[in-house]
Amino acid sequence: MMNEQAIPATAQGDAPSASPVDWAAWEREHFVPLVQAAEAAGPDRSAWLLAVVLWDIKLPSLSLKDWSAIADRGLRAVRRLGDRAGEARLLECVGMGHARVNRLTESLRCHQQALEIRSELGDRRGEASSTNLLGIVRLHRRELSAAEEHFTRARALFEEFGDRHRAAMALANLSSTRCAAGRVDEAETDARRALEAHRALGARRSVGNALRQLSVIHRERGETGAALACAEEAVALALELRSETLEGYWLLALGKAQRAAGRSEEALASFHRAADLHARSGNRSREAMAWRAVAQVLLDRGRPSGAAGLAGRAASVHRELDDPWHEALALACLADATPGEESRDHRERALHLLSRYPDERAAAVRRTIGEGGLR
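Predicted model, so just to flag it, every value in this text is computed and none were measured. Each chain carries its own residue numbering, running from 1 in the written order of its sequence. Predicted model: local features are reported for residues with pLDDT of at least 70 only, side-chain atom pairs are reported and counted for 80 or more only, and whole-chain, interface and lining totals are derived from all residues. Calculation of side-chain values draws on the structure's entire complement of heavy atoms; hydrogens and water are dropped beforehand.

So, on to the overall build of the protein. Counting its regular elements, the protein contains 18 helices and zero strands. Burial here depends on accessible area, computed with a 1.4 Å probe over protein chains only, as a share of the maximum for the residue type. Under 20% is buried, over 50% is exposed, and the range in between is partly exposed. Looking at the 375 residues of the protein, the share that counts as buried comes to 53%. When contacts within the protein are restricted to residue pairs at least 6 apart in sequence, those whose partners lie at least 24 apart make up 56%. Note on areas: Shrake-Rupley with a 1.4 Å probe; residue coverage comes only from the protein chains shown. Carbon together with sulfur atoms contributes 49% to the accessible area of the protein, which is approximately 17200 Å² in total. Each helix is a run of H or I in the DSSP string that is no shorter than four residues. Each strand is a run of E no shorter than two, and both are numbered from the N terminus. The contact criterion used is simple: two residues touch if any of their non-hydrogen atoms lie within 4.5 Å.

Each reported salt bridge corresponds to a side-chain nitrogen of Lys or Arg within 4 Å of a carboxyl oxygen of Asp or Glu. Inspection of every chain in the model, using the stated rule, returns 34 salt bridges. We note a salt bridge from Asp 185 to Arg 221, for which the minimum N-O separation is 2.4 Å. Note that Asp 185 is positioned in helix α9 (residues 184-201) and Arg 221 in the loop between α10 (204-220) and α11 (224-241), a separation of 36 residues in sequence. We note a salt bridge from Arg 284 to Glu 320, for which the minimum N-O separation is 2.8 Å. Separated by 36 residues along the polypeptide, Arg 284 in helix α14 (residues 284-300) and Glu 320 in helix α15 (residues 304-320) bring together distant segments of the chain.

Confidence per residue, as judged by the predictor, is encoded in pLDDT with a range of 0 to 100. On average, residues of the protein score 87 in pLDDT, and 83% of them reach the 70 mark or higher. The low-confidence segment residues 1-28 (pLDDT under 50) makes 33 contacts with residues lying over four places distant or belonging to another chain.

The next subject is the packing of helix α6 (residues 124-140) against helix α7 (residues 144-160). Comment: axis = line fitted to C-alpha atoms, over the contacting stretch for helices; angle = value between 0 and 180 degrees taken between N-to-C directions. One way to put it is that α6 packs onto α7 with a least axis distance of 8 Å and a crossing angle of 155°. Taken as axis vectors, α6 and α7 run roughly antiparallel relative to one another. As α6 packs across α7, the resulting crossing turns out to be left-handed. Seen from α6, the contacting residues are Arg 124, Glu 127, Ala 128, Ser 129, Thr 131, Asn 132, Leu 134, Gly 135, Ile 136, Arg 138 and Leu 139; seen from α7, they are Leu 144, Ala 146, Ala 147, His 150, Phe 151, Arg 153, Ala 154, Leu 157, Phe 158 and Glu 160. Classes in brief: Ala, Val, Leu, Ile, Met, Phe, Trp, Tyr, Cys and Pro nonpolar; Asp, Glu, Lys and Arg charged; the others, Gly included, polar. Here the contact of α6 with α7 is composed, by residue class, of 11 nonpolar, five polar and five charged. Just so you know how the angles are binned, under 35 degrees is roughly parallel, over 145 roughly antiparallel, 65 to 115 roughly perpendicular, and the rest oblique. By convention, the crossing between two helices is left-handed when the near helix turns anticlockwise from the far helix through less than a right angle, and right-handed when the turn is clockwise.

Their axes nearest at 10 Å, the elements helix α8 (residues 164-180) and α10 cross at an angle of 20°. Here α8 lies roughly parallel to α10, going by the angle between them. Crossing geometry of α8 relative to α10 is assigned as left-handed. On α10, the residues touching His 165, Met 169, Ala 172, Ser 175, Ser 176 and Cys 179 of α8 are Ser 206, Asn 209, Arg 212, Gln 213, Val 216, Ile 217 and Glu 220. By residue class, the composition of the contact of α8 with α10 is five nonpolar, six polar and two charged.

On to α7, then. For a helix, the expected span equals 1.5 Å multiplied by the residue count minus one. Compared with the 24 Å implied by 1.5 Å per residue over 17 residues, the 24 Å span of α7 between its first and last C-alpha is a close match. For α7, the set of buried residues is Leu 144, Ala 147, Glu 148, Phe 151, Ala 154, Arg 155, Leu 157 and Phe 158. Buried-residue contacts for α7 involve α6, α8 and α9. Residue Gly 162 follows α7 closely and has a positive phi angle near 75°.

Time to look at the packing of aromatic side chains. Here is the rule: rings of Phe, Tyr and Trp (six-membered ring for Trp) pair when centre to centre is within 6.5 Å. Planes less than 30 degrees apart are stacked, more than 60 are edge-to-face, and the remainder are tilted. With the rule as written, the count across this model stands at one aromatic pair. An angle of 90° between the planes, with centres 5.5 Å apart, marks the rings of Trp 325 and Tyr 357 as edge-to-face. In this pair, Trp 325 sits in helix α16 (residues 324-337) while Tyr 357 sits in the loop between α17 (340-354) and α18 (360-370), placing the two residues 32 residues apart along the sequence. Of the two residues examined, Trp 325 and Tyr 357, each falls in the buried class. The aromatic ring of Trp 325 is capped on one face by Arg 142, whose charged end is 3.5 Å from the ring centroid. Just above the ring of Tyr 249 sits the side chain of Arg 286; from NZ or CZ to the centre is 3.6 Å. Placement of a positive charge over a ring is assigned whenever Lys NZ or Arg CZ falls within 6 Å of the ring centre and within 35 degrees of the normal to the ring plane.

Attention now moves to the side chain of Gln 258. Following the sequence through the fold, Gln 258 ends up in helix α12 (residues 244-260). According to the relative accessible area criterion, Gln 258 is buried, its value standing at 5%. Among the polar contacts listed, one links the side chain of Gln 258 to the backbone nitrogen of Ala 267, at a separation of 3.4 Å. Not counting residues within four places of it along the chain, the set of residues in contact with Gln 258 comprises Leu 228, Arg 263, Glu 266, Ala 267 and Ser 270. Pairing of N or O atoms within 3.5 Å defines a polar contact, subject to two protein rules: one partner must be a possible hydrogen donor and the other a possible acceptor, and residues neighboring in sequence count only if both atoms are side-chain atoms.

As a further point, take the environment of Val 207. Position of Val 207 relative to the elements: it lies in helix α10. Taking the C-alpha atoms as reference points, Val 207 and Ala 191, 16 residues apart in sequence, are found 9.9 Å from one another. Apart from residues lying up to four places away in sequence, Val 207 is in contact with Leu 195, His 198, Arg 199 and Leu 237.

Structurally, the position occupied by Arg 138 is in helix α6. Ignoring any residue separated from it by four or fewer positions in sequence, one finds Arg 138 in contact with Leu 108, Gln 112, Glu 143, Ala 146, Ala 147 and His 150.

Put into structure tokens, the structure is as follows:
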């Protein structure tokens, strides 16, 4: 056990019970010093396990800076112990933390290291988890062939162990990958099978994710009513789960379905709420996606000056985050909002960024931009 005297005085008081705001303040004040104390007083096992627990319970008030400090201390502790399995588990947590704020290079490195350790240890279940997470990072980087390979392998491994929930999660990820590549029919089959499995298991978070994916598919096919229904159900689930992260993400799908249905006021409200939630969580990439979506609604309403400011802001964020795909989409929106030579420059820059992507959807987007717009 840790020496109680080594724990800072602020970490020894009772947690508040008055309100969520009080609890959030208590979290910020106590958990980082607690991990510091665990590392200082030992044993090291306490420090790294506490770091994993704090990740798993997903404290809403724990900032990226605080989590990074906790994770760094946990990694030092688990490496001193020589606990390779523990190191892989914590690397997995760190990798997911990086992905949450679009630090995809750092996330990829963590998950690759975790996979290498688990392969050395013969930990097949751990390999399945790391492989699925690598697929998610590859998908976010729009490395679609690699993502599909990772998800296919992860799904096979999960099925081998009889893990129906995670096998269905990998299937939903396959749907997202195939949809991103423009293979909508395959994506729908995968998403419906994943949704059926998640409903049977009562996995509400995963049900919401599959519904979001189906909303995207329906909208692309012009099936606006179905797109709205799926997205509305997903957002309702996020509210039931009290997850602002999920609410923000699924609101993007709802807003796009509302825009497609001509409900621009509702779409603006959804996109503004999504932007606020993603700003609060530190996900600058999705915040920028929300601002681009607002810009598109403003263009629909004949307000190009307001749209230009938001689209330019989104493009700058995606450029900082080294996300060429979403930068190109924001630039295409900016081109629609600006006149003459300036518009042509933005369009040419967008086409240049998109030239690195070989999939069907990228080709279709290039054609649309080349023909004069992406609205």
